[in-house]
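# Residue-level structural notes
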Amino acid sequence: MPDTVTTPLRFTHLISDCDGVLIDSEAVALQALLELLAPRLPNLPEGVTLQGLIEPRLGQRLVPLMQDIYKELGLPQLPADEIMSIGNAVDAACDAQLRAVPGVAQALAAIPLPKAVASNSVSARVLSALERTGMAPLFDSRVFTPDLVGHAKPHPGVYLAAAAAFDVPPRQCLVLEDSVTGVTAAVAAGMTVLGFIGGGHIAAGQEDRLKAAGAHVVFSDMASLPALVAAVMDTAAV
């Protein structure tokens, strides 16, 4: 009889965004930004809301997020030191209310793939959040951020760096993302994205936005993630 041949699976590694996927921080960041920007933007055009300006941009670094908002409104850009002050206040709010996305640690522990984090935050904050929520062992300090890589999402740099560290082609990596910015980065890296819309910050229409950005599938409950990953891996067998 011929030897049994085991069909290799296309996906061998899992890379996750941090804020909004591992840490339920984006809702906190949104509320902090609403409070910080309201006195700075008191007279918005009719039909424009501050929340509507911020929500689609969550996932961006703060500087481009602020620049985009002020450009859309046709207003002069804020000074760099003022943006830094806003960023520090948002970071403090997120740190004070740090919590894991419900069920994410259990879901990731059930997925037998090596894992890494690719985030637009800074490495020290990501590592601290993973330690404080007990998720650090899942990633073994494999964290890739703009301060380490040199590029922020939507540039694919953090994802390409993670694949290179694993010594695998990007196409073998599955990605968990919650923002258009992140999905855009992962797709540009040549990876397959599972879009998460179960965070406390998700606005109406986010499923369609993630799919339009290139997400392969979108899900809302972390309890379903292990089965979803298994199904995607089965259909991707080569």
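Residues numbered from 1 in each chain as written. Predicted model: local features only at pLDDT ≥ 70, side-chain atom pairs only at ≥ 80, totals over all residues. Heavy atoms only, no water.

Looking at an unreviewed UniProt entry, the protein carries the name HAD-IA family hydrolase, with the source organism given as Janthinobacterium kumbetense. Taken directly from UniProt, the Sequence similarities (unreviewed entry) text for the protein runs: "Belongs to the HAD-like hydrolase superfamily. CbbY/CbbZ/Gph/YieH family." Per UniProt, the comment on the protein under Cofactor (unreviewed entry) is "Mg(2+)". (UniProt positions renumbered as here; feature names shortened; annotations may be inferred.)

Let us look at the pattern of salt bridges. Counting across every chain of the model gives nine salt bridges. One salt bridge in this structure joins Arg125 and Asp91, with 3.8 Å as the shortest N-O distance. Within this pair, whereas Arg125 is found in helix 6 (residues 123-132), its partner Asp91 is found in helix 4 (residues 80-96), the two being separated by 34 residues in sequence. Taking relative accessible area as the criterion, Asp91 reaches 29% and is therefore assigned partly exposed. Where salt bridges share partners, they join Asp17, Lys153 and Glu177 into one cluster. (Salt bridge = Lys/Arg side-chain N within 4 Å of Asp/Glu carboxyl O. Helix = DSSP H or I, 4+ residues; strand = E, 2+ residues; numbered from the N terminus. Buried < 20%, exposed > 50% of the residue type's maximum accessible area, 1.4 Å probe, protein only.)

On to the sheet that holds strand 3 (residues 143-144), then. Across a sheet, strands are paired by hydrogen bonds formed along the backbone, either parallel or antiparallel in direction. Spatially, 3-2-1-4-5-6 is the arrangement adopted by the six strands of the open sheet, whose pairing is parallel. Here the strands that pair on one side only, and so sit at the sheet edges, are strand 3 and strand 6 (217-219). One ladder, built from three bridges, connects strand 1 (residues 13-16) with strand 2 (residues 115-118); its direction is parallel. The partner of Ile15 across the bridge, within strand 2, is Ala116. (Pairing = 2+ DSSP bridges.)

For the rest of this paragraph, the subject is helix 3 (residues 62-72). Looking only at helix 3, the buried set comprises Leu65, Met66, Ile69 and Tyr70. Down the axis, helix 3 shows its buried residues gathered within 120° of arc, on one side only. Among the exposed residues of helix 3, those pointing more than 90 degrees away from its buried face are Lys71 and Glu72. Buried residues in helix 3 make contact with helix 1 (26-37), helix 2 (50-54) and helix 4. The positive-phi residue at the C-terminal boundary of helix 3 is Gly74, with phi of around 70°. (Arc of directions from axis to C-beta. Contact = heavy atoms within 4.5 Å.)

With that settled, consider the pairing of strand 4 (residues 173-177). Across the five residues of strand 4, five count as buried, placing the element largely inside the fold. Pairing analysis gives four bridges linking strand 1 to strand 4, with the strands arranged parallel. Looking across to strand 4, one finds that Ile15 is bridged to Val175. With four bridges connecting them, strand 4 and strand 5 (residues 192-196) associate as parallel partners. What sits directly across from Leu174, in strand 5, is Thr192. Between strand 4 and its parallel partner strand 5, the chain crosses via helix 10 (residues 180-188), and the hand of that crossover is right-handed. (Right-handed = clockwise from strand over helix to strand, strands pointing away.)

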